[in-house]
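Report on the structure
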Amino acid sequence: MCGIVGYIGYREAYPIVIKGLKRLEYRGYDSAGVMIYDGEAVKLCKTKGKVVDLEERASKEITTNGTIGIGHTRWATHGVPNDVNSHPHLSNSGDLVIIHNGIIENYAPLKVELIKRGYVFHSDTDTEVLVNLIEEVQKNENIKLGKAVQIALNQVVGAYAIAVFDKKNPDEIVAARLGSPLAIGIGEGEYFIASDASPFIEYTSNAVYLEDGEMANIRLHKKMKVRKIQDDSLVDPYIQELQMNLEQIEKGGYDHFMLKEIYEQPNVIKDTYRGRLHPNEGIIQMAGVEDNLEKFLNADRIIIVACGTSWHAGLVAEYIFEEFARISVEVEYASEFRYRNPIINSKDVVIAISQSGETADTMAAIKLAKENGAFVFGVCNVVGSSISRETHAGAYTHAGPEIGVASTKAFTTQITVLTMIALRLAKAKGTLSHSDFNRYLQELELIPEKVKEALKTNDRAKEIAAEFKDAPNCLYLGRGYNFPVALEGALKLKEISYIHAEGYPAAEMKHGPIALIDDQMPVIVIAPIQGHYDKIVSNIQEIKSRSGRIIAVVTKGDTQVRELADYVIEIPETSDALSPLITTIPLQLLSYHIAVMRECNVDQPRNLAKSVTVE
Ligand code: M6R
């Protein structure tokens, strides 16, 4: 869950590496470091803190000229975030320099062995073990860096994306991946290495995404060579044309990426259904679904695996698939699924949902499902990500880069894709009437306008945020389709404002959580007019009679809840099944404003990282 960047070419490497690290900070931001080779010596600077702290320190401590460099932004796994544990790490001789994203699981026995052979370790990291292992192999076999990296990697267990530099042979960087992403940008006389393509999009639109188990020898003025780590066989790498542009990864006038991404939702939902949804013709077409329609139709059940916000989107999908397509659905935390010996068979369709497409637990759940013969379909945002490649087929959400650690547009676009799949299956199975099917198609097309309307609740959300920003706890309640929205609202609040929040199905209140309610407890109730309105009104009354402070998300024109609630936020009306796409908007805004008012780091909340590539 770290970010790595490397450059080898004719430009100054330092500014490229630093800018690249800033773009990758969403992957981890507890410490950072850089190595620049100036033609004679290795210049190393690393520090606890963010990339700006690194910049400040580097400006005082090193000269930064040189056309080869590597850098790292860290999310600690082995060893606390401090200067010493920050990357890059040097080998004992000082010749080899490494940056690493991932975990070397068998680092402990390797370290013991290396200590016996006289190696000294300065940090608590697994990475320092790897770089010394490479050095030991190189020394014993008297071989070049690439071969030494390959032999060493065949001895390690775990996950990695690495870039290694050898001062003795300084016109080369060796990169390798297993389980952690690695993109290589190919320019004219220059190469870029990064955890994703964002650090180099202004320099080249040609990139190779290394596959798991591959390594690349990247040499100045030479064609890059890619080979399999296991058997040394050469691979002809596929050069992909990047679709990302610079504007997409900049804040564009917003104070935070999260806010920008919240406001992007009308457009990205449109991008998600563009070319797939045709209300006038009564058609939904998604290549990955069409090509595998029989598999979906013959499925005994659908199992959805995901983590975090993506898991919440999966819960919404459970309601939608069962309602529309009458297919039984189970939604599983990927981390639980992979370790609990689940019953999976060849008639199961497994849908893996992931914004990043790199989440380690989701990846492992996919592998398990495939081993057991299931057909695995991915719903990912990041094009070319590991999950999108590991699944049998899939549909991209087309939300564009999501940089704020708190997922917003990923959630609504995932729901959009999943709704379209459910509708397509409903059509094939005849489980929705012709008129209902067409009505949903038309309504889905109107969602971006309604999201725009819902975004107008921003000022209201801000007022309410000012009132509740100091609350130590918060409850979120919803029913049916909006129960997962309650969970998602609570997750948003806790992850960016550090306020303890719980989401519950509203009717579960009386089975325990109602005991928490007093005149200090804010209770956010999602109460649109469609759905179980009367039931939720009763739940609101129960809270009211215990003096809870009620903030209700209601349909425009609502009168009943307005009388009971302390605050209401009005959203446009839509059918019950599509309502999560709208009700979630004010909850995103509310968490955002509370976090800003509490002076929290909205885009990079403490202890978190955007893609969780460790289990
Ligand atoms: O990239 P993924 O969708 O697989 O990520 C899953 C979770 O890590 C992610 O949704 C996380 O919960 C977010 N921080 C939520 O805002």
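Definitions and limits used
Residues numbered from 1 in each chain as written. Predicted model: local features only at pLDDT ≥ 70, side-chain atom pairs only at ≥ 80, totals over all residues. Heavy atoms only, no water. UniProt positions renumbered as here; feature names shortened; annotations may be inferred. Near = heavy atom within 4 Å. Polar contact = N/O pair within 3.5 Å; in protein donor to acceptor, adjacent residues only side chain to side chain. Areas by Shrake-Rupley, 256 points an atom, 1.4 Å probe, with all protein chains shown as cover. Helix = DSSP H or I, 4+ residues; strand = E, 2+ residues; numbered from the N terminus. Buried < 20%, exposed > 50% of the residue type's maximum accessible area, 1.4 Å probe, protein only. Contact = heavy atoms within 4.5 Å. Salt bridge = Lys/Arg side-chain N within 4 Å of Asp/Glu carboxyl O. Pairing = 2+ DSSP bridges. Axes fitted to C-alpha atoms, helices over the stretch in contact; angles between N-to-C directions. Expected span 1.5 Å × (residues − 1).

The chain carries the name Glutamine--fructose-6-phosphate aminotransferase [isomerizing] in an unreviewed UniProt entry, which gives Flavobacterium hiemivividum as its organism. As stated in UniProt under Subunit (unreviewed entry), the record for the chain gives "Homodimer." Reading the Function (unreviewed entry) entry of the UniProt record for the chain gives the comment "Catalyzes the first step in hexosamine metabolism, converting fructose-6P into glucosamine-6P using glutamine as a nitrogen source."

Regarding the site of the ligand
Close contacts around the ligand come from 15 residues, with Ser310, Ser354, Ser356, Thr359 and Glu495 the closest. Within the contact set of the ligand, an oxygen atom lies 2.6 Å away from a side-chain nitrogen or oxygen of Ser310. Separating an oxygen atom of the ligand from a side-chain N or O atom of Ser356 is a distance of 2.6 Å. Protein chains bury 92% of the 410 Å² of accessible surface belonging to the ligand in isolation.

A look at the UniProt feature "active site" (unreviewed entry) in the chain
UniProt's feature table lists "active site" (unreviewed entry) at Cys2 and Lys610, given in the numbering used throughout. A stretch of 609 residues holds the annotated residues, and the largest C-alpha distance among them is 9.5 Å, short enough that they meet in one place. By the secondary structure assignment, Cys2 is in the segment before β1 (3-8). Assessed through its relative accessible area of 6%, Cys2 is described here as buried. The residues touching Cys2, leaving out its near neighbours within four places in the chain, are Arg27, His72, Thr73, Arg74, Trp75, His100, Asn101 and Ser195.

Regarding the pattern of salt bridges
Per the counting criterion, the structure on display carries 43 salt bridges. Here Asp95 ties to Lys167 by a salt bridge, and the two come within 3.9 Å at their closest N and O atoms. Here Lys167 lies in the loop between β7 (158-166) and β8 (172-178) and Asp95 lies in the loop between β5 (89-90) and β6 (96-104), a separation of 72 residues in the sequence. Look at Asp95 and you get buried, because its relative accessible area is 16%. Lys167 gets classed as partly exposed once you look at its relative accessible area, which sits at 32%. For Lys469, the salt bridge is made with Asp470, and the minimal N-O distance between the two is 3.0 Å. Given the relative accessible area of 58%, Asp470 is considered exposed. Connected through salt bridges with shared partners, the residues Glu113, Lys116, Arg117, Glu136 and Lys139 form a single ionic network.

Structural notes on the environment of Ala399
Within the secondary structure layout, Ala399 lies in the loop between β22 (393-396) and α14 (409-429). Looking at Ala399, the relative accessible area reads 2%, which means it is buried. Each C-alpha atom, one on Ala399 and one on Ile262, is 11 Å from the other, the two residues being 137 residues apart in sequence. Ignoring anything within four residues of it in the chain, the contact list for Ala399 reads Val268, Asn381, Lys409 and Thr413.

Things to note about the pairing of β6
Among the nine residues of β6, nine are classified as buried, and the element is accordingly described as predominantly covered. Remark: five residues form the turn of the hairpin made by β5 and β6, two consecutive strands paired antiparallel; Gly94 in that turn has positive phi of roughly 85°.

Digging into the pairing of strand β11 (residues 206-209)
Note that strand β9 (residues 183-186) and β11 share three bridges and pair antiparallel. Looking across to β11, one finds that Gly185 is bridged to Ala207. As defined by bridge partners, β11 adjoins strand β15 (residues 240-241) across two bridges and the pair is classed as antiparallel. By the bridge assignment for β15, Asn206 is matched with Glu241.

Details of the sheet that holds strand β14 (residues 234-235)
The seven strands are arranged β5-β6-β7-β8-β12-β13-β14 in an open sheet whose pairing can be described as antiparallel. Because the sheet does not close on itself, it has two edges, and the strands there are β5 and β14. Pairing between β6 and β7: nine bridges, direction antiparallel. Its bridge partner being in β7, Gly102 is matched across the sheet by Tyr160. Across the face of the sheet, helix α5 (residues 145-153) comes into contact with β6, β7, β8, β12 (214-219) and β13 (225-228) while running at roughly 160° to β7.

Structural notes on the side chain of Lys260
By secondary structure assignment, the location of Lys260 is in helix α6 (residues 257-263). Its relative accessible area of 8% is what places Lys260 among the buried residues. Not counting residues within four places of it along the chain, the set of residues in contact with Lys260 comprises Glu247, Gln248, Ile249, Glu250, Lys251 and Tyr254.

Focus: helix α20 (residues 580-597)
Its 18 residues place the ends of α20 26 Å apart at the C-alpha level, agreeing with the 26 Å of an ideal helix rising 1.5 Å per residue. Within α20, 16 of the 18 residues are buried, which leaves it mostly tucked inside the rest of the structure. Looking at the residues trailing α20, positive phi occurs at Glu599, about 60°.

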